[in-house]
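Letter by letter, the chains look like this.
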Amino acid sequence: MAAEEEGLTGPDEAWPAPEPQAGVRPEPSAEPLCDRRPEPRSVPELLLGRPPMARPLPFFDHEAASAEPGPLFVDWLATALDAGVLDPQAFTLSTVDADGMPDARVLVLRDVDAAGTGWNFSAAADSPKGRQLADHPAAALTVYWPQLGRQVRVRGSVERALNLVAAAEFATRSPAARASSLVGRQSEPLATLTEYDEAEAVARRRLEAHPDVVPPGHAVYTLWAQEVEFWQGDSQRRHVRLRYTRTGPVDSPDWSRTLLWP
């Protein structure tokens, strides 16, 4: 009788699989890989044993930080790039709609005015975020770089740039990004992905025929910071938080610095 039938193999043991014969393809498994996953667990079970910040993290000497937040942000961004952080230019932009409900989405940072402390990003003016910014030109920006345990929070007023600035920025984007912007209709219901593919193909042909075309709603915005907080995580929860608060008009370099409790 085979050992399997006699129960001679333990729960962690199995007979070795036979060596495949030359020129013979192994039989595919009848059970799909997706069906072999363990039973779903609760969120606490999934996170058990995975404490945040449990890794070596850089030291943040807040006393040596610059008098203005712009240069410090650029320095932290360069450090994130050197550390191999994936998509370090990605950030979360938070706005409010006409009913006062918060909204958030991940965008790409385009530039930073370190002197004036303004964060630049682009968006479609007729998108939900564009309409929200038109109605309430203020926002919050959040960046998190996991490998470094660093977070930056920015709050302030938002200003739309001139169309000439938006056109110049649009020209720097990849063909795929420009074609996607030309498709438009952001956040509207989509029947199928094929419908998008067809519209994107039309947009690509339009872009090839008119390389300088710019969507009429393409806009560049600047978030002029009123507050900027730099947060350095620590495995022992001794997080270092340094908040900059603007004490003068937007075009002034006057800031105060405050160390915050974790």
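Before going into details, it helps to say that this report is about the structure given with it.

How each quantity is defined
- Residues numbered from 1 in each chain as written.
- Predicted model: local features only at pLDDT ≥ 70, side-chain atom pairs only at ≥ 80, totals over all residues.
- Heavy atoms only, no water.
- Helix = DSSP H or I, 4+ residues; strand = E, 2+ residues; numbered from the N terminus.
- Buried < 20%, exposed > 50% of the residue type's maximum accessible area, 1.4 Å probe, protein only.
- Contact = heavy atoms within 4.5 Å.
- Areas by Shrake-Rupley, 256 points an atom, 1.4 Å probe, with all protein chains shown as cover.
- 1 Å grid on protein atoms, 1.4 Å probe; cavity = no way out; pocket = protein on both sides within 12 Å on 5 of 7 lines; lining within 4 Å.
- Points joined across faces, edges and corners; volume = space filled by probe spheres on them.
- Phe/Tyr/Trp six-rings, centres within 6.5 Å; stacked < 30°, edge-to-face > 60°.

1. Observations regarding the overall build of the protein chain
(1) Moving on: When its secondary structure is counted, the protein chain shows seven helices and nine strands.
(2) Moving on: Split into buried and exposed, the 262 residues of the protein chain put 32% on the buried side.
(3) Moving on: For the protein chain, the proportion of contacts with a sequence separation of at least 24, taken over those separated by at least 6, is 62%.
(4) Moving on: Of the roughly 17,200 Å² that the protein chain leaves accessible, carbon and sulfur atoms contribute 56%.

2. Comments concerning the layout of surface pockets
(1) Moving on: The computed volume of the largest pocket comes to approximately 720 Å³.
(2) Moving on: Lining the largest pocket are 29 residues, with Ser180, Ser181, Gly184, Arg185 and Gln186 positioned closest to its centre.
(3) Moving on: Only β2 (102-108), β4 (118-124), α6 (175-183) and α7 (193-209) provide two or more residues apiece to the lining of the largest pocket.
(4) Moving on: Counting residues per element, the lining of the largest pocket draws most heavily on α6, at five residues.

3. A word on unusual backbone geometry
(1) Moving on: For methionine 53, which is not a glycine, the phi torsion comes out positive at approximately 65°.
(2) Moving on: Within the element layout of this structure, methionine 53 appears in the loop between α2 (43-47) and α3 (69-82).
(3) Moving on: Residue classification places methionine 53 among the buried residues on the basis of a relative accessible area of 8%.
(4) Moving on: Positioned with a positive phi, arginine 185 is a non-glycine residue whose angle comes to about 60°.

4. Let's talk about the packing of aromatic side chains
(1) Moving on: Evaluation of the coordinates by the stated rule reveals seven aromatic pairs.
(2) Moving on: Measuring from centroid to centroid gives 5.1 Å for phenylalanine 60 and tryptophan 76, while their planes differ by 75°, and the two rings are edge-to-face. Placement of phenylalanine 60 in the loop between α2 and α3 and of tryptophan 76 in helix α3 is noted, with a sequence separation of 16 residues between them. The same class applies to phenylalanine 60 as to tryptophan 76, namely buried.

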